[in-house]
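Here are the chains, one letter per residue:
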Amino acid sequence: MKKYKEPLKRETETTVNILYSENKLSIYTNKVDLQKSLIKIIGEPNKEYIRGRSIMASRWDIPLEEKSKITKVLLKANIFNL
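First things first, this report covers the structure right here in the doc. Treat the numbers as computed from the prediction; the structure is a model and nothing was measured.

1. Examining the packing of aromatic side chains
Under the definition given, this model contains one aromatic pair. An angle of 70° between the planes, with centres 5.7 Å apart, marks the rings of Y28 and Y49 as edge-to-face. Within this pair, whereas Y28 is found in strand β2 (residues 24-29), its partner Y49 is found in strand β3 (residues 47-51), the two being separated by 21 residues in sequence. The exposure class of Y28 is partly exposed, given its relative accessible area of 23%. For Y49, a relative accessible area of 30% puts it in the partly exposed group.

Calculation rules
Residues numbered from 1 in each chain as written. Predicted model: local features only at pLDDT ≥ 70, side-chain atom pairs only at ≥ 80, totals over all residues. Heavy atoms only, no water. Phe/Tyr/Trp six-rings, centres within 6.5 Å; stacked < 30°, edge-to-face > 60°. Helix = DSSP H or I, 4+ residues; strand = E, 2+ residues; numbered from the N terminus. Buried < 20%, exposed > 50% of the residue type's maximum accessible area, 1.4 Å probe, protein only.

Written out as structure tokens, the structure is:
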């Protein structure tokens, strides 16, 4: 079972980058609820940032050709806290 470390409120961040040169969408977050939601929606992250035994943050890289996966993220993951 994965163990996540909740960040301090003022240190919470989510970054969405479109890397045109690499033809991918990169999502980085240290929000525990968003990490769990993204795992359910699009699968395991490409990179997990671990300290000790806890996951501090995760990053997903999605090729821009995978439009259905990107749509799922935008519609279901509540990235923007709407």
